[in-house]
Amino acid sequence: MGLEIDRERIPGFDVEGKDADGMDKGILTLSVGPQHPGSGHFRLIVKVDGDIIVEALPDPGYVHRGEEKMCEYRNYIQNIPHLERPMIADSCGILYPYVLAVEEICNIPVPERAKYIRVIMAELNRCIFELYWLGIYGIFLGHSTMFMWPMADRELLIDLAEMASGARVTHAYFVPGGVRNDVPDAFPEKAKRHLLYFRNRLKEYKDIFYDNPLFQARTVGVGILRREDAINLGATGPVLRASGVEHDIRKVEPYDVYDELDFKVITMNEGDSFARAYVPWLEMYESVEIALQALERMPSGPVRTKLGPNPKGAVGEVFKRVEAARGELAYYLVSDGNPKPYRVKLSVPSFREIPVMAHLLKGAKLADMPSIYWSMNYWPVEADR
Amino acid sequence: MLRELLSPKRESSRGALDGERPANFNILVGKLSEVLVKAIDKPLGYAINWGRLWSLWPVHLETACCSLEFGAASGPRYDVERFGIIEAFGSLRQCDLMVIQGTVTRKMAPRVRMIYDQMPEPKYVIAMGACAITGGLYFDSYNVLPGIDGVIPVDVYVPGCPPRPETLIQGCILLQEKIKRTRFR
Amino acid sequence: MSQQGQGQASTDQLTVEKEIVDRVIARFGDKVKLAYVKPRRIRFNVSKDIILEFARYARDELGFDHPISVAGVDYPKNKLIDVVYHIGSCTNDKFRSSVLVFAVQLDRDDPVMPTLIPIYRGVEYHERETFEMLGVIFDGHPRLERLLLPEDWADIPPLRKDFHTKGREE
């Protein structure tokens, strides 16, 4: 009814001409985050033409806490608690390579029982993380049940981790020379019970989540990452394996007792969001398998090598990597012979997914953004350190 | 005063929209609400506070790793919803609670303030975790604020690194207690 | 460290590392300097003039195809900044358990080196982080700007050794 729009004054309405950056004026720039239900503490600057994303510029750094600088002021033992904070959903996974690196540079032996306990805890944490991630993925695709179910099952595994270490999520359980304390006597039996229950429970996830036509409609064929792009961009973990690359640090460079345990590396060839969500689910079966085998074979004995008050590292550098829940996690540690490290560099999987995300979002639909973003297994706290 | 407001001088202001309505209709509503507030303060203040405290809507803003335990608190085992705190919500225009979930860095602080300013009154803030209270483990980091209370006013502090979900629930109950005892505005 | 496990692995593995070293030395001669060979880790010090050539050789001929980490280390005593690339392999079955490390040693006052984005696309954000944290300038990088630090950061790059956080000055 006589609605007159002043076309001159509406930004982005005039589709001819270029703006100062040389972009078409029909292209809108959106800022997604840091307060946005789909992004977490992370910002994406997205340029859209209609609803097709022309360019996505990730802007991390909202949780940059300067871990690497803080490491230089603390000695090897004092560094443990704050180094697991970047990823407290998988706190054993992020501490594992640090502990391995300190053991190598300070030449600390590890008792056999401690290695098994570490593997069990690392696998428990992998499941704990992947359940949390699955829940969040579910709720951001509008599937509330998929938030509730993993959250409930996660608590059972957290109970186990709490029983062993005393803390719900921030265990600080791995120390150079073993683990902080032995597991209680009742732990193996309870762990077996919970893990077997959990393995049965996993089957139901397929029925309600992966077979759900709505979930499939939002993920199948969305954000396809080709094999060579995945390798060249440095993708890692489930993202890499969902693109058909069989690469798992537990297999290619076994640490602790992974070479004695029997498990498969899960790969899929599709490389879309669905595959990236499906691979962690299959990997949880393998994790349960590994934990059960390790519980079976765990010898008795001490769990920790006594250390002096201030262990000193040999002069040199060490690069240790493990397969955390999100992928390859590596520490580069330089020592100049002091009790404090000279330089600690965390190479975290989330940071490596940033270029992959930017690559996948280009050309995707704006509505597919949450589906691609969450399938990346990207955790801003970890990426920013 | 009311009579004067109800019979406005039509020629005083002309706009596209106020053809049929009184020109200062909005002022009338504002005044009326003030009158209403004064009238219902004593008897209904308790009732309105009661309504507020059982429907706190937290804004969906994560600042660091404590968001994990916030997520666990809205999960089935802890189920903070039974205490009237509803799951984190995307639109901050409809929220009245802000849970600062962990470390606030120098890059995040202006955004936190911006989000706080955009929330409608009344609004409450819970500082969750040691980092949000004093900087916590990151007391000597170059990029971390020593506590959030220099940026926004805090109602309840929930200590822990990270706080267990039970602690967060206790903090929420403390906040509800506070709202109950505050004079209704 | 797992002494026995590592020992066995090293006897099996060191042949592979020797092969990598031999191939690199045969190609580049004394233009590259071998820093160390450890089980599964080989480090070369490469000058910045041939870094692109070296990286291209490592990717195309040796099969080290994806970047794992790019780290900068500041050595104020030697007036050097090391930029250390850790490169892994997914496609070459023989070398996939090894990590090829190559470092470029730059003058601390004028740290400029060419970017490796044409060879490894994944290093884009790693290099931006190194630029920000140590002030190393990567020639030819498309977006060498703030990444993690706040927009109004006005101090020296924080991972340089002469930057001290408040209260921790030595």
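Reading guide: rules and limits
- Residues numbered from 1 in each chain as written.
- Chains lettered and ligands numbered in written order.
- Predicted model: local features only at pLDDT ≥ 70, side-chain atom pairs only at ≥ 80, totals over all residues.
- Heavy atoms only, no water.
- Helix = DSSP H or I, 4+ residues; strand = E, 2+ residues; numbered from the N terminus.
- Contact = heavy atoms within 4.5 Å.
- Buried < 20%, exposed > 50% of the residue type's maximum accessible area, 1.4 Å probe, protein only.
- Areas by Shrake-Rupley, 256 points an atom, 1.4 Å probe, with all protein chains shown as cover.
- Phe/Tyr/Trp six-rings, centres within 6.5 Å; stacked < 30°, edge-to-face > 60°.
- Expected span 1.5 Å × (residues − 1).
- Core = buried A, V, L, I, M, F, W, Y, C linked by side-chain atoms within 4.5 Å.
- Domains from an automatic or database assignment.

## Brief notes about the overall build of chain C
Phase 1 of the analysis: Check the secondary structure of chain C and you find 3 helices and 7 strands.
Phase 2 of the analysis: In chain C, the succession of α and β elements from N to C terminus is α-β-β-α-β-β-β-β-α-β.
Phase 3 of the analysis: Seen along its three principal axes, the alpha-carbon backbone of chain C occupies a region of about 50 × 35 × 30 Å.
Phase 4 of the analysis: Excluding contacts between residues fewer than 6 apart, the proportion of contacts in chain C whose partners are at least 24 apart in sequence is 56%.

## Observations regarding the overall build of chain B
Phase 1 of the analysis: For chain B, the count of helices and strands is 6 helices and 3 strands.
Phase 2 of the analysis: Starting at the N terminus and ending at the C terminus, chain B contains elements arranged as α-α-α-β-α-β-α-β-α.
Phase 3 of the analysis: Out of the 185 residues belonging to chain B, those deemed buried represent 46%.
Phase 4 of the analysis: Taking contacts inside chain B between residues at least 6 apart in sequence as the whole, the part at least 24 apart equals 75%.
Phase 5 of the analysis: Of the accessible surface of chain B, which amounts to about 9,700 Å², a share of 58% is contributed by carbon and sulfur atoms.

## As for the packing of aromatic side chains
Aromatic ring pairs are reported here in terms of the distance separating the ring centres and the angle at which the planes meet.
Phase 1 of the analysis: Overall, the coordinates contain 37 aromatic pairs over all chains when judged by the stated rule.
Phase 2 of the analysis: Pairing Y342 of chain A with Y75 of chain C gives two aromatic rings, centres 5.4 Å apart and planes at 10°, and the pair type is stacked. Of this pair, Y342 of chain A sits in the loop between β7 (327-335) and β8 (343-347) while Y75 of chain C sits in strand β3 (residues 66-75), on two different chains.
Phase 3 of the analysis: Classification of Y342 of chain A as buried rests on a relative accessible area of 15%.
Phase 4 of the analysis: Measuring from ring centre to ring centre gives 5.9 Å for Y373 of chain A and Y378 of chain A, while their planes differ by 70°; the resulting arrangement is edge-to-face.
Phase 5 of the analysis: Given the relative accessible area of 0%, Y378 of chain A is considered buried.
Phase 6 of the analysis: An aromatic cluster of at least three residues, connected via ring pairs, comprises W133, Y137, F209, Y210, F215, F274, Y278, W281 and Y285 of chain A.

## What about helix α5 (residues 145-165) of chain A?
Phase 1 of the analysis: Here α5 of chain A is 21 residues long and its end C-alpha atoms lie 30 Å apart, about the 30 Å a rise of 1.5 Å per residue gives.
Phase 2 of the analysis: Looking one or two residues past α5 of chain A, G166 of chain A carries a phi angle of roughly 100°, positive in sign.

## A word on the nonpolar core
Phase 1 of the analysis: Counting 203 residues, the largest nonpolar core has L44 of chain A, M98 and I148 of chain B together with F44, Y85 and F102 of chain C as its most contacted members.
Phase 2 of the analysis: Broken down by element, this core gets its largest block of residues, 18 residues, from helix α4 (residues 112-140) of chain A.
Phase 3 of the analysis: Counting only domains with at least three residues in this core, you end up with domain 1 (7-59) and domain 2 (67-384) of chain A.
Phase 4 of the analysis: Every residue in contact with F102 of chain C, bar those within four places of it in the chain, is listed here: F44, V46, I51, F54, A55, V83, V84, Y85, I87 and L116 of chain C.
Phase 5 of the analysis: Counting 20 residues, the second largest nonpolar core, distinct from the first, contains F70, V80, L97 and I179 of chain B.

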